[in-house]
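Structure assessment
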Amino acid sequence: MRWALVGASTIAAEHVIGALRAAGEDVALVQSSTVARASEFAKAQGIAGYATDLGAILSDEGIGAVYISSTNEKHHAQALAAIAAGKHVLCEKPLAMTVAEASEMVAAAKARGLVFATNHHLRCSGSHRAVRGLIASGQIGRVLSLRLFHAVHLPGHLQGWRIDNPGAGGGVIPDITVHDADVARFLLGEDPVSVVAEMVSSGMGQGVEDSVMSVWTMPSGAMVMAHESFTHPFAGSGLEVHGTEGSIFATGVMTQRPVGEIVLMGDKGREVVPYPTHNLYAQAVTDFLSAVAGKGRPAADGRDGVASLAVALAVRTAARTGVRQAVDYGVAA
Ligand code: NDP
């Protein structure tokens, strides 16, 4: 299939263009808001065509799908335009600035019979899929709690709009908490009901939060705690799932690369659990293409993107108000 990139972004350059090409896809066009960036990006990435006008890109009938990786406030209008033009959409997280906008995008794609996916890469990793399998197969009994450790140090080249532009969707909550919401939903197979939270700016965020801790109530009664930050150079990342019959310790797995270690602890002692180490973004593309071929569903579909955004926004409201927030999932798309 021929693809158009909407947004000349770091994530496209560092991960997604390679994943598309590895799957044999043709990255044909890139759209960016200035001619200079569009042409530079196209040249650097070996992309044949570029434009600033989204309409011109979308009017190309040979384009089957678009990958949207602009700043967050642009996703909504760009996705609606792509869907109106009949293109399948792989959209970056967070899908939009509000649950209502995100739901509108997903509903529009559904109405046109188009595939719409959210690029929540962590559920594409062999490690997260292995942890999910351990839980689902009853290896740790009934889940009591999930702890998500995702306090990292935002690399210098990403310290732009994320740390100082709330209008573009900056802040650690739309950036990382939204991923952790997807991880919790993926691993436990249920959606948080309500959240409590605290957030701060601890040295990097200017007008947006750069660190947040929250606790989520799950329908099953399992407790979830999540910690996300842009300012922790040496904290490491990972997750722990504790159950009545065992515990899973997955260290170093909240990452874009297929790394980290999974250890299962139980009555029989300590066991290192092997897992597949495929490229996370390649897996996302593979699952997307299967969905387009009518042979499956995307790794994270539109509903996953809406629900994970809803949790993240509830965390931010809870942190702002100091009041427990019921998660508002809006109208299910
Ligand atoms: P970038 O800042 O690299 O790019 C985002 C947009 O910013 C570009 O589309 C471009 O807009 C504009 N831009 C890029 N470079 C410049 C520049 N030098 N000067 C001015 N504007 C510039 O963003 P990221 O790649 O980090 O993130 C893009 C999206 O992807 C976000 O929604 C983010 O949440 C998501 N993301 C997802 C990840 C995942 O693993 N799923 C990981 C990282 C990001 P335009 O082309 O319109 O001119």
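Computed from a predicted model, the values in this text were never measured in an experiment.

Concerning the domain arrangement of the protein
Segmenting the protein into domains produces domain 1 (2-121 + 283-299) and domain 2 (122-277 + 309-332). On a C-alpha basis, the centres of domain 1 and domain 2 stand 25 Å from each other. Of the residues lining the interface, 23 residues belong to domain 1; the matching set on domain 2 comes to 26 residues. Looking at the side of domain 1 facing domain 2, the largest losses of area belong to Val 99, His 120 and His 121, adding up to 35% of the total buried there. Counting across the domain 1 and domain 2 interface gives two salt bridges. Here Asp 287 makes a salt bridge to Arg 129, at a shortest N to O gap of 2.9 Å. Across the domain 1-domain 2 interface, the total number found is 11 residue pairs in polar contact (both at pLDDT 80 or more). Breaking the side of domain 1 that touches domain 2 down by element, the ones donating at least two residues are α1 (10-22), α5 (99-112) and α9 (280-292). The greatest single-element share of the side of domain 1 that touches domain 2, amounting to four residues, is contributed by α1. Classifying every residue of the side of domain 1 that touches domain 2 by side-chain character gives eight nonpolar, 10 polar and five charged.

Comments concerning the packing of aromatic side chains
A complete count under the given rule lists one aromatic pair for this structure. Between Trp 3 and Phe 288 the ring centres are 5.2 Å apart and the planes differ by 50 degrees, which places this aromatic pair in the tilted class. On the criterion of sequence distance, the pair formed by Trp 3 in strand β1 (residues 2-6) and Phe 288 in helix α9 is long-range, its members being 285 residues apart. Judged on exposure class, the residue Trp 3 and its partner Phe 288 are both buried. The ring of Tyr 329 carries the charged tip of Arg 303 above its face, separated from the ring centre by 5.6 Å.

Section: the nonpolar core
Ranked by internal contacts, the top residues of the largest apolar core, which has 78 residues, are Phe 116, Leu 148, Trp 216, Leu 239 and Val 241. Built from parts of two domains, this core gets at least three residues from each of domain 1 (2-121 + 283-299) and domain 2 (122-277 + 309-332). In contact with Leu 148, not counting residues within four places along its chain, are Asp 180, Val 183, Ala 184, Trp 216, Val 224, Met 225, Ala 226, His 227, Gly 238, Leu 239 and Met 254. By size, the runner-up hydrophobic cluster in this structure holds 26 residues, among which are Ala 65, Tyr 67, Val 115 and Leu 280.

Comments concerning the packing of helix α8 (residues 172-188) against helix α10 (residues 302-321)
One way to put it is that α8 packs onto α10 with a least axis distance of 8 Å and a crossing angle of 120 degrees. If you check the angle between α8 and α10, you find them oblique. The handedness of the crossing between α8 and α10 comes out as right-handed. In this structure, α8 contributes Ile 173, Pro 174, Thr 177, Val 178, Ala 181, Asp 182 and Arg 185 to the contact, and α10 contributes Arg 303, Asp 304, Ala 307, Ser 308, Leu 309, Val 311, Ala 312, Val 315 and Arg 316. Grouping the amino acids of the contact of α8 with α10 by side-chain chemistry returns nine nonpolar, two polar and five charged.

Notes on the side chain of Ser 9
Here Ser 9 lies in the loop between β1 and α1. Residue class for Ser 9 comes out buried when judged on its relative accessible area of 11%. Other than its neighbours up to four places away in sequence, Ser 9 contacts Phe 41 and Ser 69.

Quick word on the packing of helix α4 (residues 75-84) against α5
It is the contact of α4 with α5, at a shortest axis distance of 10 Å, that shows an interaxial angle of 10 degrees. In terms of orientation, α4 and α5 fall into the roughly parallel class. Packed against α4, whose contacting residues are His 75, His 76, Ala 79, Leu 80, Ile 83 and Ala 84, the element α5 presents Glu 101, Glu 104, Met 105, Ala 108, Ala 109 and Arg 112 at the interface.

Rules and cut-offs
Residues numbered from 1 in each chain as written. Predicted model: local features only at pLDDT ≥ 70, side-chain atom pairs only at ≥ 80, totals over all residues. Heavy atoms only, no water. Domains from an automatic or database assignment. Contact = heavy atoms within 4.5 Å. Buried area = accessible area lost by both parts, 1.4 Å probe. Salt bridge = Lys/Arg side-chain N within 4 Å of Asp/Glu carboxyl O. Polar contact = N/O pair within 3.5 Å; in protein donor to acceptor, adjacent residues only side chain to side chain. Helix = DSSP H or I, 4+ residues; strand = E, 2+ residues; numbered from the N terminus. Nonpolar A, V, L, I, M, F, W, Y, C, P; charged D, E, K, R; others polar. Phe/Tyr/Trp six-rings, centres within 6.5 Å; stacked < 30°, edge-to-face > 60°. Buried < 20%, exposed > 50% of the residue type's maximum accessible area, 1.4 Å probe, protein only. Lys NZ or Arg CZ within 6 Å of the ring centre and 35° of its normal. Core = buried A, V, L, I, M, F, W, Y, C linked by side-chain atoms within 4.5 Å. Axes fitted to C-alpha atoms, helices over the stretch in contact; angles between N-to-C directions. Parallel < 35°, antiparallel > 145°, perpendicular 65-115°, else oblique. Left-handed = near helix turned anticlockwise from the far one by under 90°.

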